[in-house]
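# Inside the fold
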Amino acid sequence: RMVRHGASALESFEELVDKVRSFQRRDQRKRLQWQEFCDRRSPLRTKGGEGIRDARLHTASFLCSFLEAVEASNLPDVSELMAPTSPAKLRDEVSAKISEDMPDEVRHPRAWNALHDALIANDTDAATRIIEAGDVLLLNQPSPTAGHTPLMLLAMGHCQECLVHRLLEQRGSASIAVRSQSRRTAADYAAAEESRLLPETIKLLRDLETACVERTAACRCPICGDALRKRPLLEFHWDRASRGEEKNLLLQRFFSQNVHRELLQAQYHQINNTKRIRKEISESMSVLEALEDILGEPFEALLEKLLGDQPTAILGMHLCGDLSFRAAELFQRLAAVRVVVLAPCCLPPKASASTPSELYASRDQEDQYQRWAQHLAGVLQGSPMAVRVTSRAVEEILSPKNIVICAVKNQAVSRRCR
């Protein structure tokens, strides 16, 4: 279809649609002008009574009339829609409402509500009615999967920008510093190129977020800035265990060892507030106890019984930390173990009582690794029986940790360790 737009040459319908869409993409004010034009003049209506905003659904003459209004600067005034309250005044009013105690954001469980539905459908009338009702939970509730609050959806560009201000005025500011599943706040979404909010609105959201974080800093994680609960779930289960109400034996042993105290620190809030923390603890404890059984004395006695007098070699490839020590101990204690070959990897923890201080005398990781290998060779050399120990770097190993240590007891035969 070819139509005439004003005094210009003939244009196709697709070209008119592209012009209208390009106009809307310039900024939020232009988009609101198109929406207001549709609301006032379009015969096509949504179920909510608004004018249809999709340019392709309108006639060519309607699109031409809009573009002629653009050229004549005869578009609707949308200043009232943009900011019913001045940004500076709104910033002061909302900032005064931000609690200095525990942030409200942690009190809002994730769920999908009617306001999410209205915003996703771009139903401004329905969203306005819900916002004006002032239900603080609905105004701030994150969605169950993505964690999007109504303020985030508005910041993305859903519905009219004036609703951002109305939401903030109606106590929707409680979620101003909440982060979604992708770790973004409403201000982050507003600053994204696709949101097309006005600069003053973006600045308002960022200023309010900064003020909220500063006022509630004592209630936030020092690492990621997330709001903290007054009482972590882990502490709740600890109280139950201390009162004798915990029946699970694995959890009883976990809390009896007081290892949970370290996990109650603020920086571990993603762990101590896990909904299935009891399940996670039981699984971890079962694995750790199985590991203790393997690495403890019963394992050594079982291994000695299984080996009998059969000549045995222990091979340890990239044994991390204390595992290298453990391999050396088995070599020294079990008579059947004639040979041990170690390719050590990471150093043992610096804070461990069994870790020699000289390993961390240098900050250079290569030097630390060399000291670690020398120390292990010295441990094997100090065995009570006669032992021949060799240590060398194998250049063909595609890793900087390429030292191989061999220890052979007297009368044992080894062709490779030399």
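None of the values given here were measured: they were computed from a predicted structure.

### Considering the overall build of the protein chain
- Of the regular secondary structure elements, the protein chain holds 20 helices and six strands.
- Each of the 418 residues in the protein chain was classed as buried or not, and the buried ones make up 44%.
- For the protein chain, contacts bridging at least 24 residues in sequence account for 68% of all contacts bridging at least 6.
- If you sum the accessible surface of the protein chain, you get close to 22,800 Å²; carbon and sulfur atoms cover 52% of it.

### So, the packing of aromatic side chains
- Counted under the stated rule, the structure contains seven aromatic pairs.
- Between Trp-34 and Phe-62 the ring centres are 6.2 Å apart and the planes differ by 70 degrees, which places this aromatic pair in the edge-to-face class. Of this pair, Trp-34 sits in helix α2 (residues 28-41) while Phe-62 sits in helix α3 (residues 60-71), and the two are 28 residues apart along the sequence.
- Three or more aromatic residues link up through ring pairs in this structure, and these residues are Phe-23, Trp-34, Phe-37, Phe-62 and Phe-66.
- The ring of Phe-331 carries the charged tip of Lys-409 above its face, separated from the ring centre by 5.0 Å.

### Let's talk about the environment of Ile-271
- Among the structural elements, Ile-271 can be located in helix α16 (residues 269-272).
- Assessed through its relative accessible area of 40%, Ile-271 is described here as partly exposed.
- Sequence-wise, Ile-271 and Leu-234 are 37 residues apart; in three dimensions their C-alpha atoms are separated by 8.5 Å.

### Considerations on the pairing of strand β3 (residues 312-319)
- Relative to strand β4 (residues 337-344), β3 runs parallel, the two being bridged by seven bridges. Bridging across to β4, Ala-313 finds its partner in Val-339.
- What joins β3 to β4 is helix α19 (residues 322-333), and the crossover it makes is right-handed.

### Re the pattern of salt bridges
- Using the criterion set out here, one finds 19 salt bridges in the structure.
- Between Asp-54 and Arg-21 there is a salt bridge, and its shortest N-O distance comes to 3.4 Å. One end of the pair, Asp-54, is in the loop between α2 and α3; the other, Arg-21, is in helix α1 (residues 13-25), with 33 residues separating them in the sequence.
- With relative accessibility at 29%, the residue Arg-21 sits in the partly exposed group.

### Examining unusual backbone geometry
- Within the chain, Ser-73 stands out as a residue other than glycine whose phi angle is a positive 55 degrees.
- The residue Ser-73 is located in the loop between α3 and α4 (79-82) in this model.
- Positive phi, close to 60 degrees, is recorded for Cys-159, a residue that is not glycine.
- In this structure, Cys-159 sits in the loop between α9 (150-156) and α10 (162-169).

### With respect to helix α7 (residues 124-133)
- Burial in α7 covers these residues: Thr-124, Ala-126, Ala-127, Ile-130 and Ile-131. Seen from one end, α7 has its buried residues packed into an arc of 165 degrees, which puts them on one side. Facing away from the buried side of α7 by more than 90 degrees, the exposed set consists of Arg-129 and Ala-133.
- Two residues or fewer after α7 comes Gly-134, characterised by a positive phi angle close to 75 degrees.

### Section: the packing of α19 against helix α20 (residues 365-381)
- The geometry of α19 relative to α20 is characterised by a closest axis approach of 10 Å and an angle of 15 degrees between their N-to-C directions. Regarding the angle of α19 to α20, the classification is roughly parallel. Regarding α19 and α20, the two cross each other, and that crossing is right-handed. Across from Ser-324, Phe-325, Ala-328, Phe-331 and Gln-332 in α19, the residues of α20 making contact are Trp-372, His-375, Leu-376, Val-379 and Leu-380.
- Residue composition of the contact of α19 with α20, grouped by class: seven nonpolar, three polar and no charged.

### Here we look at the nonpolar core
- Counting residues in each nonpolar core, the largest one holds 30 residues, and the members touching the most others are Leu-115, Leu-151 and Leu-205.
- With five residues, the top contributor of residues to this core is α9.
- Not counting the four nearest positions on each side in its chain, Leu-151 is found in contact with Val-164, Leu-167, Leu-168, Gly-172, Ser-175, Ile-176, Ala-186 and Leu-205.
- Counting 27 residues, the second-largest nonpolar core is a separate cluster that includes Leu-307, Ile-314, Ala-327 and Tyr-369.

Quick notes on the rules
Residues numbered from 1 in each chain as written. Predicted model: local features only at pLDDT ≥ 70, side-chain atom pairs only at ≥ 80, totals over all residues. Heavy atoms only, no water. Helix = DSSP H or I, 4+ residues; strand = E, 2+ residues; numbered from the N terminus. Buried < 20%, exposed > 50% of the residue type's maximum accessible area, 1.4 Å probe, protein only. Contact = heavy atoms within 4.5 Å. Areas by Shrake-Rupley, 256 points an atom, 1.4 Å probe, with all protein chains shown as cover. Phe/Tyr/Trp six-rings, centres within 6.5 Å; stacked < 30°, edge-to-face > 60°. Lys NZ or Arg CZ within 6 Å of the ring centre and 35° of its normal. Pairing = 2+ DSSP bridges. Right-handed = clockwise from strand over helix to strand, strands pointing away. Salt bridge = Lys/Arg side-chain N within 4 Å of Asp/Glu carboxyl O. Arc of directions from axis to C-beta. Axes fitted to C-alpha atoms, helices over the stretch in contact; angles between N-to-C directions. Parallel < 35°, antiparallel > 145°, perpendicular 65-115°, else oblique. Left-handed = near helix turned anticlockwise from the far one by under 90°. Nonpolar A, V, L, I, M, F, W, Y, C, P; charged D, E, K, R; others polar. Core = buried A, V, L, I, M, F, W, Y, C linked by side-chain atoms within 4.5 Å.

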